[in-house]
Each structure stands twice: as structure tokens, then as C-alpha cells.
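Results of the structural survey
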Amino acid sequence: MNAMQTDRKPRIAVVTGAGSGIGRAVAVELLRAGWSVALAGRRTETLRQTAELAPEGTTLPVRTDVSQPEDVAALFAATVDRFGRVDLLFNNAGTFGPGGVPVEELPYDAWRHVVDTNLNGAFLCAQAAYRQMKEQDPQGGRIINNGSISAHTPRPHSVAYTATKHALTGLTKSLSLDGRPYRIAVGQIDIGNAATDMTARMQTGALQANGEFAPEPVMDVADVARTVRHMAELPLEANVQFATVLATAMPYVGRG
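Residues numbered from 1 in each chain as written. Predicted model: local features only at pLDDT ≥ 70, side-chain atom pairs only at ≥ 80, totals over all residues. Heavy atoms only, no water.

**Focus: the overall build of the chain**
Threshold: Helix numbering and strand numbering both begin at the N terminus, where a helix is a DSSP run of H or I of at least 4 residues and a strand a DSSP run of E of at least 2. Only C-alpha atoms enter the radius of gyration; for comparison, a globular chain is expected to reach 2.2 Å times N to the power 0.38, where N is the number of residues. The buried label applies to any residue whose accessible area, calculated with a 1.4 Å probe on protein chains only, is under 20% of its type's maximum; exposed applies above 50%, and partly exposed to all values in between. Any pair of residues with heavy atoms lying within 4.5 Å of one another is described as a contacting pair. When charges are tallied, Lys and Arg are placed among the positive residues and Asp and Glu among the negative ones, while His and the ends of the chain are skipped. To locate a charge, take NZ of a lysine, CZ of an arginine, CG of an aspartate or CD of a glutamate.
When helices and strands are counted, the chain shows seven helices and nine strands. In terms of C-alpha radius of gyration, the chain reaches 18 Å, essentially the compact-globule figure of 18 Å for 256 residues. With the principal axes as the frame, the chain shows a C-alpha extent of 55 × 35 × 35 Å. Relative to its 256 residues, the chain shows a buried fraction of 50%. In the chain, the proportion of contacts linking residues at least 24 apart, taken out of those at least 6 apart, comes to 68%. Between the mean site of the 24 positive side-chain charges and the mean site of the 25 negative ones, the chain shows a separation of 4 Å.

**What to know about the nonpolar core**
General note: in soluble globular proteins, nonpolar side chains tend to be found buried as a group. Condition: We define a nonpolar core as any set of buried Ala, Val, Leu, Ile, Met, Phe, Trp, Tyr and Cys residues linked to one another through side-chain atoms lying within 4.5 Å.
If you look at the biggest cluster of nonpolar residues, it comprises 35 residues, and the most contacted ones within it are Leu30, Val37 and Ile189. Of all the secondary structure elements, the ones that give two or more residues to this core are β1 (12–16), α2 (21–32), β2 (36–41), α3 (44–52), β4 (88–91), β6 (184–192), α7 (221–232) and β9 (242–246). When sequence neighbours within four positions are dropped, the list of residues in contact with valine 37 reads Ala13, Val15, Ala27, Leu30, Leu31, Thr58, Thr59, Leu60 and Phe83. In this structure, Val62, Val72, Phe83 and Ile184 belong to the second largest nonpolar core, which totals 27 residues.

**What to know about the environment of histidine 230**
With respect to the helices and strands, the residue histidine 230 is situated in helix α7. In this structure the C-alpha to C-alpha distance between histidine 230 and leucine 30, which are 200 residues apart in sequence, comes to 10.0 Å.

**What about the packing of aromatic side chains?**
Operational definition: Classification of ring pairs rests on two measures: the distance between centres of Phe, Tyr or Trp rings, Trp counted by its six-membered ring, which must be within 6.5 Å, and the angle between planes, read as stacked under 30 degrees, edge-to-face over 60 and tilted in between.
Following the criterion strictly, the structure yields two aromatic pairs and no others. Ring geometry for phenylalanine 96 against tyrosine 161: centres 4.7 Å apart, planes inclined by 40°, an arrangement best described as tilted. Taken together, the residues span a long stretch of sequence, with phenylalanine 96 in the loop between β4 and α5 (108–135) and tyrosine 161 in helix α6 (residues 159–179) at a distance of 65 residues. Given a relative accessible area of 11%, tyrosine 161 falls into the buried group. Between tyrosine 130 and tyrosine 182 the ring centres are 6.1 Å apart and the planes differ by 80°, which places this aromatic pair in the edge-to-face class. With tyrosine 130 in helix α5 and tyrosine 182 in the loop between α6 and β6, this residue pair connects regions lying 52 residues apart in the sequence.

**Focus on the packing of α5 against α6**
Our working rule: All axes here are fitted lines through C-alpha atoms, helices being fitted over the stretch that makes contact, and every angle between N-to-C directions spans 0 to 180 degrees. In this scheme, roughly parallel covers angles under 35 degrees and roughly antiparallel covers those over 145, while 65 to 115 is roughly perpendicular and the rest are oblique. Two helices that cross are described as forming a left-handed crossing if the nearer one is turned anticlockwise from the farther one by less than a right angle, and a right-handed crossing if clockwise. Under the convention adopted here, Pro, Cys and the residues Ala, Val, Leu, Ile, Met, Phe, Trp and Tyr are nonpolar, Asp, Glu, Lys and Arg are charged, and Gly plus all remaining residues are polar.
Put simply, α5 and α6 touch, their axes get as near as 9 Å, and they point 15° apart. As far as their axial angle goes, α6 and α5 are roughly parallel. The crossing of α5 and α6 is right-handed. Two secondary-structure elements touch here, α5 through Trp111, Val114, Val115, Asn118, Leu119, Ala122, Phe123, Ala126 and Tyr130 and α6 through Val159, Ala160, Tyr161, Ala163, Thr164, Lys165, Ala167, Leu168, Leu171, Leu175, Asp178 and Gly179. Grouping the amino acids of the contact of α5 with α6 by side-chain chemistry returns 16 nonpolar, three polar and two charged.

**Structural notes on the sheet that holds β4**
Hydrogen bonds along the backbone pair up the strands of a sheet, which may run parallel or antiparallel. To keep things clear, this is the line we draw: Two strands make a pair as long as DSSP finds a minimum of two bridges between them.
Taken together, the seven strands give an open sheet; going across it, the order is β3-β2-β1-β4-β5-β6-β9, and neighbouring strands pair in parallel fashion. With partners counted over all chains shown, the strands left at the sheet margins are β3 (58–63) and β9, one partner each. Across the sheet, the axes of successive neighbouring strands diverge by a mean angle of 15°, strand direction being ignored. Docked against the sheet, α6 engages β5 (141–146), β6 and β9, running at close to 160° with respect to β6.

**Remarks on the pattern of salt bridges**
Condition: Basic side-chain nitrogens of Lys or Arg form a salt bridge, by our definition, when they fall within 4 Å of a carboxyl oxygen of Asp or Glu.
A full pass over the atoms with the stated rule returns nine salt bridges. Of the charged contacts, one joins arginine 229 and glutamate 29 as a salt bridge, the two residues approaching to 3.2 Å between their closest N and O atoms. Residue arginine 229 is located in helix α7, and its partner glutamate 29 is located in helix α2; the two are separated by 200 residues in the primary sequence. Members of the salt-bridge network, linked through shared partners, are Arg11, Glu29, Arg229 and Glu233.

**A few points about the environment of alanine 151**
Counting through the fold element by element, alanine 151 comes out in the loop between β5 and α6. In sequence terms alanine 151 and alanine 163 are twelve residues apart; their C-alpha atoms lie 7.9 Å from each other. Beyond its immediate stretch of four places on either side in the chain, alanine 151 contacts Lys165, His166, Thr169, Gln188 and Asp190.

In C-alpha cells:
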């Protein structure tokens, strides 16, 4: 290990939705790279399982419902109490909602649940991170929002998910602009068909825009994690505003 690596100050991340899927993969990637990571999610047991996958680094599992302001405040208070600061928020927690439900049949409660998790939760976490990053010394940090291919192009019967992911793009742009005076860099990663429990059904058949069901290719979630780490480890003077990482042959460019 060279002198630069030895003298590097600890880097502190908060990862939401860290108990499974993309959140777990990103948390483990950061831990292996020497970050300390606060693991946020609704289930304590899965957060502990994520922590056990990391061969090195420091973790802090915090049970968190990102749609609840008091939970988010407690998450960031616990992180700062344990680690002293926040250098990165990976805003990853999200839900697709009930699949295959036409817009005219979507219950309002289901719509609200998706909006509360995907959009309101992302805002609450970004706001808490922003407040901490603005006031800490050295000032600044980075927020990476998990968008989606659906931030660009919808799937059939996905009105709630698609609406929140389009809104997340606006949130990213606004946060990025407002963060400039305080060295807060904000970007977004739009992911298509990473191999997780959430996308397992796509390999057997997913509804396409033409009404047919067809299997879709997926990619290794580790490729997403490496991309997030690249974005996270840039100096604050540089920012990946938007990155799209997808399974090469998935029906995205020609989805409609």
C-alpha cells in the first residue's frame, strides 16, 4: 500500500435499500474499497446479512423506512454519531409496486406507496444528506440517485414506478444545481435489468410494448456496483451527472 492510500481519510457512505439487490452489491463494493457504510433498510436481518458479506470495512446497520421523516433523521444522526460525517449517499431504496396492473385498476394506496418510497423517500434522504454535507468540515459530499431505464422509457402497466423515476431525474438536476455552492455533487445512475430478485421474472418473460411476453437478458449486478463506486470516488470537482448501465441486448432503445 502506497503513502497516498495509507494517508487517505476514511470515507463514509449511506446506502439505502442495502439489504438486498443493487443496494447490497453497492454496499459490499464500497466496503471492499475501504469505505465505512451505514446500511439502511426495512429489515434488520437482511442488513446484517449484507454486513457479513464484507471482508473488510466498517458497517452500521440501521433499520429505516425512508418514507418516514423520523426514520431518515435517525439514520443520519446515527451515521454522524458513529462515523463523524457523510461523504456519500446512494439513494437506492425503491419499489416497483404491483406488477401488471392497468392504470385504471391501480389502487390509490398502491400509487401512494410507490410515490412515498421512490420519490418522497429519495427527497427525505437527500435533504438530510444535504444538510449534513453543507455543515460538515471539510464541507461537501456526493449524492447518487438510483434512477432507472424507466426514467427514460416506461414498461407497460408501470405508471407509478415510471412517474416516480421521471420525477427523480428532476430531483437530481435540482439538487445538483443547488449543491454547487457547497461542494455537493449530485448524479444519477439509470440501471436496466441488473440480475436481482426484482428482475428475476424478466428472464422467463416480461410484457413488451407490443403486447407480447418475451424473456429479457440481464447483467451482473456487480457491474452496476463498480459503476457506482467509480462515480462515488471521483473528486468533488468532477461529476457523472447521468450514467446509463444496462444489459447490452435488453429491449430498451427500441422498447416502444
